[in-house]
Amino acid sequence: MSSLADFQNEIYLNGLGDAVPGLPTDLTRLEGLAERRLSAQAFGYVAGSAGSEATARANREAFDRWRIVPRMLRDVSVRDLSVEVLGTAMPAPVLLAPIGVQSILHPDGELAVARAAAGTGLPMVLSTAASYTMEDVAEAGGGAPRWYQLYWPKDRDLAVSFLGRAKAAGYSALVVTLDTFTLAWRPRDLDQAYLPFLRGIGVANYLSDPVFQRAVGGPVTDANRDAAVLHWAATFGNPSLTWDDLRFLREHWDGPIALKGVQHPDDARRAVHAGMDGVIVSNHGGRQVDGAVASLDALPAVVDAVGDQISVLFDSGIRTGADVAKALALGAKAVLVARPYAYGLALGGEAGVRHVLRCLQAELELTLALSGLTRPDELNLDALVRA
Ligand SMILES: Cc1cc2nc3c(=O)[nH]c(=O)nc-3n(C[C@H](O)[C@H](O)[C@H](O)COP(=O)(O)O)c2cc1C
Ligand SMILES: O=C(O)C(=O)c1ccccc1
């Protein structure tokens, strides 16, 4: 094995190799570049968070309060980043977080992301609010691993239909997002009166669904499009759900289930009690409750509560390979990367997403090796100190 991570090698030896010319390898720079490329509305939707965006900032600050303590002379010549999470083998403990409405970033949207993910083997978690149908995205990804993220609608028959379609299309695990039964107070979108769904973006899974179509009087055409969008708004989220309702999901989904949006250790314990297989410690990138705890700060207590019983995953604030290492050291089995790949999509389509994933993977591998570690499961609190 070369002493350089493969992607690093490729960049140095072949000029930019497969990297997208002009795209920086410091992924924290992508947001600024995407701002110049996107419309003010699309950029505001993706980059924006809830309220004063204090929690979005806190998510990043929490990473900066932990520092890695590298160890030396440990023979790190053979490295293996692969893990298995919820029955899915992946080359690194990184998944692509569910992001809805991706066609506002690039016309190929989720299709391009599925192709890029397939090229790396990292699983994509497809949003219910995707701009392409789950069947089309599955086809674009070929045999690559894929999970399905459910926005649990009010209409139970529609939920069952989504789950059946996801199973048939080869999505192996279910992610149920609990923190977004309604969109939060998001000033950037409010100030521009911008909601993609009202323009018919991000509703492909609904419009293509037989149960949804029955509810709006048949296939959606120009004649009933407004009614369909109104019906989408009426059925999108269900604020009356409780922990007891998880039985319904267990009955209609026979694969692994992870609950996304857990921040409190008692909620993680309830997830175990309800027979769930995992939780994703996430505050939706600060897009829901402004003033909420930084997701990284919520992680250790959840790991303490349930980490030996179910898989604890993490998202909100991951921007670099070092961030991934810190979340793993605090007990996450894997992380979900979100905005960085959205910006990669905006800047370079499929190649832009591939660039982001390969940079993140290479940086993670180098961070581990240079810290004296060869596998993700060797990371624990010994590797960190408070800044
Ligand atoms: C534009 C955008 C759309 C999103 N759409 C969804 C979605 O459809 N379903 C979901 O569970 N989470 C969604 N999320 C949240 C992400 O999955 C993830 O939790 C969050 O972005 C993590 O924060 P970070 O991007 O700051 O790392 C979305 C996030 C963004 C930025
Ligand atoms: O914008 C979001 O954060 C989000 O999760 C969402 C919700 C509904 C549809 C699309 C995305």
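Here the structure is a predicted model, which is why all the values come from computation and not from measurement.

Scoring rules and cut-offs
Residues numbered from 1 in each chain as written. Chains lettered and ligands numbered in written order. Predicted model: local features only at pLDDT ≥ 70, side-chain atom pairs only at ≥ 80, totals over all residues. Heavy atoms only, no water. Core = buried A, V, L, I, M, F, W, Y, C linked by side-chain atoms within 4.5 Å. Buried < 20%, exposed > 50% of the residue type's maximum accessible area, 1.4 Å probe, protein only. Contact = heavy atoms within 4.5 Å. Near = heavy atom within 4 Å. Polar contact = N/O pair within 3.5 Å; in protein donor to acceptor, adjacent residues only side chain to side chain. Areas by Shrake-Rupley, 256 points an atom, 1.4 Å probe, with all protein chains shown as cover. Helix = DSSP H or I, 4+ residues; strand = E, 2+ residues; numbered from the N terminus. pLDDT = per-residue confidence, 0-100. Nonpolar A, V, L, I, M, F, W, Y, C, P; charged D, E, K, R; others polar. 1 Å grid on protein atoms, 1.4 Å probe; cavity = no way out; pocket = protein on both sides within 12 Å on 5 of 7 lines; lining within 4 Å. Points joined across faces, edges and corners; volume = space filled by probe spheres on them. Axes fitted to C-alpha atoms, helices over the stretch in contact; angles between N-to-C directions. Parallel < 35°, antiparallel > 145°, perpendicular 65-115°, else oblique. Left-handed = near helix turned anticlockwise from the far one by under 90°.

Novice: Lay out the nonpolar core in plain terms, naming residues and giving numbers.
Specialist: Judged by nonpolar contacts, the single largest core of 115 residues is most densely connected at Leu96, Tyr171, Tyr206, Leu249, Leu296, Leu299 and Phe314. Not counting residues up to four positions away in its chain, the partners in contact with Tyr206 are Thr128, Tyr151, Leu158, Phe162, Phe212, Trp232 and Phe236. Within the second largest apolar cluster, 15 residues are counted, among which are Leu86, Met90, Ala258 and Ile280.

Novice: Which residues make up the site of ligand 2, and what values do they have?
Specialist: Neighbouring ligand 2 are the residues Tyr45, Ala129, Tyr151, Leu183, Arg186, Phe197, Phe236, His284 and Arg287. Here an oxygen atom of ligand 2 sits 2.4 Å away from a polar atom, N or O, in the side chain of Tyr45. At a separation of 2.5 Å, an oxygen atom of ligand 2 approaches a polar side-chain atom of Tyr151. Protein chains bury 94% of the 290 Å² of accessible surface belonging to ligand 2 in isolation.

Novice: Would you mind going over the environment of Asp189 in detail, with residue names and values included?
Specialist: Relative to the elements of secondary structure, Asp189 occurs in helix α8 (residues 187-191). Put simply, Asp189 and Val46 are 143 residues apart on the chain and 9.7 Å apart in space, counted from C-alpha to C-alpha. Those residues in contact with Asp189 that sit more than four places away from it in its chain are Gly44, Tyr45 and Tyr194.

Novice: Just give me the short version of helix α15 (residues 321-329), but keep the residues and values in it.
Specialist: Working note: α-helix, 3.6 residues per turn, so residues spaced by three or four point in the same direction. Most of α15 is tucked away: eight of the nine residues are buried. Listed in full, the buried residues belonging to α15 are Gly321, Asp323, Val324, Ala325, Lys326, Ala327, Leu328 and Ala329. Measuring from the side-chain oxygen of the N-cap residue of α15 to the backbone nitrogen of Ala322 gives 3.3 Å; that N-cap residue is Thr320. Once α15 ends, the next one or two residues include Gly331, with phi positive near 115°.

Novice: Explain the side chain of Ser131 to me, using residue names and the numbers behind them.
Specialist: Along the chain, Ser131 falls in the loop between β5 (124-127) and α6 (134-141). A polar contact is formed between the side chain of Ser131 and the backbone nitrogen of Gln102, at a distance of 3.2 Å. Here the side chain of Ser131 touches Glu110 through a polar contact of 2.7 Å, side chain to side chain. If near-sequence neighbours (up to four positions away) are discounted, Ser131 is found in contact with Val101, Gln102, Ser103, Glu110, Ile201, Gly202 and Ala204.

Novice: Explain the confidence of the model for the protein chain residue by residue, including any values.
Specialist: Mean pLDDT over the protein chain works out to 96, with 97% of the residues at or above the 70 mark. Interface predicted TM-score (ipTM) for the complex: 0.99; the corresponding pTM is 0.98.

Novice: Could you give an account of the site of ligand 1, naming the residues involved and the relevant values?
Specialist: In the vicinity of ligand 1, 22 residues are found, and the nearest of them are Pro98, Ser127, Thr177, Arg319 and Arg339. Ser282 is positioned such that a nitrogen or oxygen atom in its side chain is 3.4 Å from an oxygen atom of ligand 1. Contact with the protein chains covers 98% of the free accessible surface of ligand 1, which is 600 Å². For the shell around ligand 1, the per-class residue count stands at eight nonpolar, nine polar and five charged.

Novice: Please provide a residue-by-residue account of the layout of surface pockets, values included.
Specialist: Approximately 840 Å³ is the volume found for the largest pocket. What lines the largest pocket is a set of 47 residues, and nearest its centre among them are Val46, His284, Gly285, Arg287 and Arg339. The set of elements that each furnish at least two residues to the lining of the largest pocket consists of α2 (30-37), α3 (40-47), α4 (54-64), β11 (334-337) and α16 (339-370). Ranked by the residues each element gives to the lining of the largest pocket, the list is headed by α4, at four residues. Split by residue class, the lining of the largest pocket holds 23 nonpolar, 13 polar and 11 charged. Within this model, the second largest pocket holds a volume of roughly 590 Å³. Taken together, 32 residues line the second largest pocket, and the ones lying closest to its centre are Thr177, Leu178, Asp179, Thr180 and Phe181. Listing elements by their share of the lining of the second largest pocket, those giving two or more residues are β7 (173-177) and β8 (257-262). Tallied by class, the residues present in the lining of the second largest pocket amount to 15 nonpolar, 14 polar and three charged.

Novice: Can you break down the packing of helix α5 (residues 109-120) against α16 residue by residue, with the values?
Specialist: Two numbers describe how α5 lies on α16: the axes approach to 10 Å, and their chain directions differ by 20°. With respect to each other, α5 and α16 are oriented roughly parallel. With respect to the hand of their crossing, α5 and α16 are arranged in right-handed fashion. Where α5 abuts α16, its residues Gly109, Ala112, Val113, Arg115, Ala116, Ala117 and Thr120 lie against Tyr341, Leu345, Gly349, Glu350, Val353, Arg354, Leu357, Arg358 and Gln361. Tallied by class, the residues present in the contact of α5 with α16 amount to eight nonpolar, four polar and four charged.

Novice: Describe empty space enclosed by the protein, with residues and values.
Specialist: Counting across every chain of the model gives two cavities of 30 Å³ or more. Computed from the structure, the largest cavity encloses a volume of approximately 80 Å³. Considering the residues around the largest cavity, the lining is formed by 13 residues, among which Ala114, Met124, Gly141, Pro145 and Arg146 are closest to the centre. Secondary-structure elements contributing two or more residues to the lining of the largest cavity are α5, β5 and α6. A per-class count over the lining of the largest cavity returns 11 nonpolar, one polar and one charged. Space inside the second largest cavity adds up to approximately 30 Å³. Along the walls of the second largest cavity sit Ile68, Ala325, Thr367, Leu368, Ser371, Leu373, Leu379 and Ala383, which together make up its complete lining. Its residues assigned to classes, the lining of the second largest cavity comprises six nonpolar, two polar and no charged.

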